[in-house]
Amino acid sequence: MHRRPEHAVMVFVMIGTTSALGSSEHPHMTGSGCFSQAWESAYVREITGTAQCTHKPDCSQVRGSVDVLSVLTGQAQEIEYKKIQSQLDCVGDNVQVLFHASDEYCTYPKIWELYPRFKLVIRQYACWPQYKDLYRKHTNVAVTPLGYNTAMQFGHGARNSTHAAEMMLEKLRMSADVSGQAREYMWAFAGTVKQDRANAMRAFDDFVPHPRKTAFPPTMLHRLYSDAHFVPCGRGNINLDCFRNYEASIAGAVPIVVGTESEISDTFGHFGAAPPWVFAKSWTDAVEVAKRHAKDQNVLAKMHQDVLEWWIGEMRRLHGYVTQALNGDTVRVDTGNFALTYTHSP
């Protein structure tokens, strides 16, 4: 049975926390039986194109009717492996796409044994040093941007993040005067200050203007980043990857990432295209690079457009893979392997 994405059905499960997810906490989300408890649930629906999602626990109600399985996993490998197997046995053999989330610690190679059961696997966190040999064996695996907070509201009638980025890009392209594209803040940050983020805040503090608060409701994130040129993106819990990179990109703000060139490449060099962000060795170097770019409105305008085009391209790439899989076609993913280097002055 093959379906177009807009007719596909998804089951969304959180392994190890709750057997399934399903509620309607966010009124801006629509759809039958829609889930919203996971951070990236709206993003999963966007890239898979599914119009229906379910959390029905009765296997007899979902067997043979599920096209996409989305799982969030932790670190109890053997237990979670068995639970995912059980979930697959429940929903039947029609599942074409697996979205594998939350392998941030890159310590879960066993789940790759399940990947051949699907036409397409979309996974968060590249974990290239840990899994590079597995990528070579499994050509149906695509690395995805982490996504965005489900509660984000894009405004202006945008249907989803891709549509929001397309509308902003069109507006930028139609503006002949780049001074009319000015944003209120040089940079903005919203979220918990942890890991190296305190160092980032100190380094960027005299790069003004910037909003003074770090606490913003998720519904306001897109508006905040739409008013900023840059967004410092510190490390997540352990991985250099972080949702903030992508929440900023959707709004055309330029993420700034600090790390070694090898870690940056391992983390962000395996999408369809290299992300056009600012990469630096230290937060001190990063703020100097940002300040030099900020002196030229034309340079800033080009950076905003490049980031928006990159996000749109990634969304179209992933949705294209999903369409192939749901059509029953063999999906061969062209996993990028980009050597990303530090950003230099314009």
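Just so it is clear, the model here is predicted, and its values are computed rather than measured.

A. How the structure looks around the overall build of the protein chain. Broken down by element type, the protein chain carries eleven helices and ten strands. Burial statistics for the protein chain: of 346 residues in total, 55% are counted as buried. Relative to all contacts within the protein chain whose residues are 6 or more apart in sequence, the contacts with residues 24 or more apart total 72%. Surface exposure of the protein chain reaches about 14600 Å², of which carbon and sulfur atoms provide 50%.

B. Molecular detail of the environment of V278. Within the secondary structure layout, V278 lies in strand β10 (residues 278–280). A residue is classified by how much of its surface remains accessible, and V278, at 0% relative accessible area, is buried. C-alpha separation for the pair V278 and A290, spaced twelve residues apart in sequence, amounts to 7.9 Å.

C. Structural context of the state of the cysteines. Tallying each qualifying case throughout the model produces one disulfide. One disulfide in the model links C106 with C127; its S-S distance is 2.1 Å. One disulfide, between C106 and C127, carries an S-S torsion of -70° and so falls in the left-handed class. Of this pair, C106 sits in the loop between β4 (97–101) and β5 (120–123) while C127 sits in the loop between β5 and α4 (128–137), and the two are 21 residues apart along the sequence. Its sulfur unpaired, C233 is 6.2 Å from the next cysteine sulfur, which belongs to C242.

D. Geometry of the nonpolar core. Of all hydrophobic cores here, the largest spans 104 residues; its most connected members are L120, F204, Y225, F230, F268 and W311. By residue number, the principal contributor to this core is helix α11 (residues 297–326), which donates 14 residues. When near neighbours in sequence (up to four residues on either side) are disregarded, F268 contacts L240, D241, N245, Y246, V257, P275, W277, F279 and L340.

E. A look at the pattern of salt bridges. In this structure the tally under the stated criterion is nine salt bridges. Put simply, R316 and E166 hold a salt bridge, and the shortest N to O gap is 2.9 Å. Placement of the pair is R316 in helix α11 and E166 in helix α5 (residues 161–174), with a sequence separation of 150 residues. Take R316: its relative accessible area is 54%, and that puts it in the exposed class.

F. Quick peek at unusual backbone geometry. Each neighbour pair has its own omega, and for V208 with P209 the value is 0°, a cis peptide bond. Mapped onto the elements, P209 comes out in the loop between α6 (197–204) and α7 (221–226). Residue C106 is not a glycine yet carries a positive backbone phi of 55°. Classification of C106 as buried rests on a relative accessible area of 10%.

G. Seen up close, the packing of aromatic side chains. Scanning the entire structure with this criterion turns up 21 aromatic pairs. When the ring of F271 is compared with that of W310, the centres are 5.6 Å apart and the planes differ by 70°; the resulting orientation is edge-to-face. Placement of F271 in the loop between α9 (261–268) and β10 and of W310 in helix α11 is noted, with a sequence separation of 39 residues between them. W310 shares its class with F271; the two are buried.

H. Structural detail: the packing of α6 against helix α10 (residues 283–294). Axis separation between α6 and α10 bottoms out at 9 Å; the angle between their running directions is 40°. The angle between α6 and α10 places the two elements in the oblique class. You can see that α6 and α10 cross each other, and the crossing is right-handed. Together, N199, A200, A203 and F204 of α6 and W283, T284, A286, V287 and A290 of α10 make up the contact between the two elements. In terms of residue class, the contact of α6 with α10 is built from seven nonpolar, two polar and no charged.

Reading guide: rules and limits
- Residues numbered from 1 in each chain as written.
- Predicted model: local features only at pLDDT ≥ 70, side-chain atom pairs only at ≥ 80, totals over all residues.
- Heavy atoms only, no water.
- Helix = DSSP H or I, 4+ residues; strand = E, 2+ residues; numbered from the N terminus.
- Buried < 20%, exposed > 50% of the residue type's maximum accessible area, 1.4 Å probe, protein only.
- Contact = heavy atoms within 4.5 Å.
- Areas by Shrake-Rupley, 256 points an atom, 1.4 Å probe, with all protein chains shown as cover.
- Disulfide = S-S within 2.5 Å.
- Core = buried A, V, L, I, M, F, W, Y, C linked by side-chain atoms within 4.5 Å.
- Salt bridge = Lys/Arg side-chain N within 4 Å of Asp/Glu carboxyl O.
- Phe/Tyr/Trp six-rings, centres within 6.5 Å; stacked < 30°, edge-to-face > 60°.
- Axes fitted to C-alpha atoms, helices over the stretch in contact; angles between N-to-C directions.
- Parallel < 35°, antiparallel > 145°, perpendicular 65-115°, else oblique.
- Left-handed = near helix turned anticlockwise from the far one by under 90°.
- Nonpolar A, V, L, I, M, F, W, Y, C, P; charged D, E, K, R; others polar.

Spatial relationships are all this shows, so hold off on functional conclusions.
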